[in-house]
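The chain contents come next:
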Amino acid sequence: MTALLAARDLARWYGPVVGLVDVSLELEPGVIGLLGPNGAGKSTFLKLVAGEIRPSRGTIEVLGRNPFANRAHFAETGFVPQQDALYNDMSGRDFVAFLLRLSGHSAREARDRAAQALERVGLADAMFRPTRGYSRGMRQRTKIAQAIAHTPKLLVADEPLAGLDPIARRGIVELMLELARDGTSILVSSHVLHEVEELTHNVLLLHRGRVLAQGQVPEIRALLSRHPRKVEIRARDARALARAVLDLPGVGSLRISADGTSLGVETHDLEGFLAALPRTAAAVRAGIRSLETPDAGLEAVFEYLVS
Amino acid sequence: MPGLATSTWLLFRTQLSRMWWSRRALACLALAAAAPVMAWLVAAFGQATGVEIATNLGWLLLLQVIVPLLALVSGSAVVTEEIEDRTISYLFSRPIPRASVLLGRWLAALLFVSTLLAVSSLATVLLASRSAAPGAAVGSGIAVPLLEAALLGGAVYSAIFAAAGVFFRHPMIVGLGYAFAIEGFLANLPGRNQALTVQYYLRSIVGTTGSDAWREVEGFELSRFDSAASALVTLLVVLVFFLAAASWRITRREFVLGA
């Protein structure tokens, strides 16, 4: 089977800024999640795959071809760019139909396919309105529609779920799963693990332009659970609360501020800790005023992994 | 996969339908209206004859200022607009020859600019001819060369500025510098340096095919001219050269867009 994608010593920089460095990998057809915090190099990698930019060093082949400015590659690829940009004076249907004409479809076929694609992303009612009046989520769905309307073999989607409400998000996830079942390979990026997890267990972790790991989501979950998580609590009586939370699950270390009103906790079982905290705080009348988990994002996990 | 002609036609048609109601189009309309408005004002309230108004405004305002400016505003946007709007990703991820993006959109800009310049030139002549001052009638020896030069100038300048949009990040600044600093300087130097400017060839067409009244306009009296045929060929060569260079460049260049 031809690899979906093969990269050798792939690097891309923008002047002095490194976007991607020393990436060598092979990906098989299927759904692959590209995971990493902001600035990890996800968009750069996807632009290289989509053929929008060329490598500064190394090589990349997608479905056996160099993708940059390659018309045969574009005929088989759909690209959802990250930027929130559409032809604002056009209706959603006209916009998608215009791009389908550029993909080689006849006027009638382009109109029909555009309407079908917009229906699939849930924009049947809005497709004749100018896109300038679309909400962020509708614009995002229009971007997805233009990328799937020509039935590509590979869908490259840069943060396709960003800006979507939960119902629209569910719809797009189901659409992507349906496309995958029909044989479309999907390369999708996100900085939210559970978003990617809904689509695939096959993920690529990027951090600071490098591939940190390539594997299955359960392995990432295991890494996450080993990572101690911080919880910052402001309370009327932080000292009493500190004594009480010592016995809660996974608590590793505690830190009380000098004025006794805030408490920093490190725990290996964040969910268990948060579940038990209200009852514990009530029992000692600690009077919790606020609670934050400052390192809940992927960024902290990645920092932990690279350290 | 659509070929160059098909994709150029699709892009031309779409761009043409989209461009008329943009802010850029309004700016172009305002520019194009400047010469006829000025002609009307001078004819209504000044002492100059219709011929003097038409030739002076035709050369000093329309051909030297409005033609390059109009071409700059619409020509520099041919590719740059898609980059600034960050929509070029959609076009460059389609299986079309990349040059068709330049050519299709430039043809739309050309038609737009040509329409405005044709109306502007003819309206300028028409309104100038309403002057009450006694003098010769404003005839085809004034109107036709002015129209020809305006249309040719619009085509050549818009091709140059469209190419600037492919080669430079800020084509408007580059274009302004070229049109008014470099051309403005060279076109007014004595000797053959003038032949390095578009203005020289436009002046040649007007000077050799127009009526003698053009010779009275500042800048014409001491000039040597190329023949109209030679000027026409030179302008067409310049136009084709810039379009070819820009097509070559856009095929190879990557456009890095931010989120």
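Above: the structure in question.
Fair warning: this is a prediction, and the values are worked out from it, not measured in the lab. (Residues numbered from 1 in each chain as written. Chains lettered and ligands numbered in written order. Predicted model: local features only at pLDDT ≥ 70, side-chain atom pairs only at ≥ 80, totals over all residues. Heavy atoms only, no water.)

Asker: Tell me about a nonpolar patch on the surface, residues and numbers included.
Answerer: Nonpolar side chains collect at one region of the surface, where B:Val37, B:Met38, B:Trp40, B:Leu41 and B:Phe45 lie side by side and expose about 510 Å² of accessible area between them. With respect to the element layout, B:Trp40 can be found in helix α2 (residues 23–45). (Patch = residues over 30% accessible without salt bridge, like charges linked within 9 Å, V, L, I, M, F, W, Y side chains within 5 Å. Areas by Shrake-Rupley, 256 points an atom, 1.4 Å probe, with all protein chains shown as cover. Salt bridge = Lys/Arg side-chain N within 4 Å of Asp/Glu carboxyl O. Helix = DSSP H or I, 4+ residues; strand = E, 2+ residues; numbered from the N terminus.)

Asker: Can you break down the sheet that holds strand β11 (residues 251–256) of chain A residue by residue, with the values?
Answerer: Residue and element names in this part refer to chain A. Taken in spatial order, the four strands make up an open sheet running β11-β12-β10-β13, and their pairing is antiparallel. Each edge of the sheet is formed by a strand with only one pairing partner; in this case those strands are β11 and β13 (288–292). The average angle at which neighbouring strand axes cross in this sheet is 20°, direction not considered. Where β11 meets strand β12 (residues 262–267), five bridges bridge the pair, whose relative direction is antiparallel. (Pairing = 2+ DSSP bridges. Axes fitted to C-alpha atoms, helices over the stretch in contact; angles between N-to-C directions.)

Asker: Which residues make up the pairing of strand β1 (residues 5–14) of chain A, and what values do they have?
Answerer: Residue and element names in this part refer to chain A. Inspection of the sheet shows β1 paired to strand β4 (residues 57–62) by five bridges, in the antiparallel sense. Each bridged residue has a counterpart across the sheet, and for Arg 8 the counterpart in β4 is Thr 59. The sheet contact formed by β1 and strand β2 (residues 17–27) spans seven bridges and is antiparallel. By the bridge assignment, Ala 6 is partnered in β2 with Glu 26. Where β1 folds back on β2, the antiparallel hairpin that results is connected by two residues, among which Gly 15 adopts a positive phi of roughly 60°.

Asker: Report on the nonpolar core, specifying residues and quantitative values.
Answerer: Buried together is how nonpolar side chains tend to be arranged in soluble globular proteins. A:Val121, B:Leu91 and B:Leu102 are the most contacted members of the largest nonpolar core, which totals 123 residues. Here this core takes 15 residues from helix α7 (residues 140–167) of chain B, the largest share from any one element. With sequence-adjacent residues up to four places away left out, B:Leu91 is seen in contact with A:Tyr87, A:Phe98, A:Leu99, A:Leu102, B:Leu11, B:Glu82, B:Ile96 and B:Val101. A:Val49, A:Ile60, A:Phe79 and A:Leu204 belong to the second-largest nonpolar core, a separate cluster that totals 25 residues. (Core = buried A, V, L, I, M, F, W, Y, C linked by side-chain atoms within 4.5 Å. Buried < 20%, exposed > 50% of the residue type's maximum accessible area, 1.4 Å probe, protein only. Contact = heavy atoms within 4.5 Å.)

Asker: Outline the interface of chain B and chain A, supporting the account with residue identities and numerical values.
Answerer: Counting residues at the interface gives 32 residues for chain B, matched by 32 residues for chain A. Overall, the association of chain B and chain A removes approximately 2900 Å² of surface from exposure, summing both partners, and the carbon and sulfur fraction of that is 56%. The three residues of chain B that bury the most area against chain A are B:Tyr90, B:Arg94 and B:Glu254, which together make up 26% of that side's buried surface. Note that B:Glu254 is salt-bridged to A:Arg12, the shortest N-O span being 2.5 Å. Connecting chain B to chain A are 13 residue pairs in polar contact (both at pLDDT 80 or more). Residue assignment for the side of chain B that touches chain A shows that the elements contributing at least two residues are α1 (4–19), α5 (88–92) and α10 (228–252) of chain B. Broken down by element, the residue count for the side of chain B that touches chain A peaks at six residues, all from α1(B). Split by residue class, the side of chain B that touches chain A holds 14 nonpolar, eight polar and ten charged. (Buried area = accessible area lost by both parts, 1.4 Å probe. Polar contact = N/O pair within 3.5 Å; in protein donor to acceptor, adjacent residues only side chain to side chain. Nonpolar A, V, L, I, M, F, W, Y, C, P; charged D, E, K, R; others polar.)

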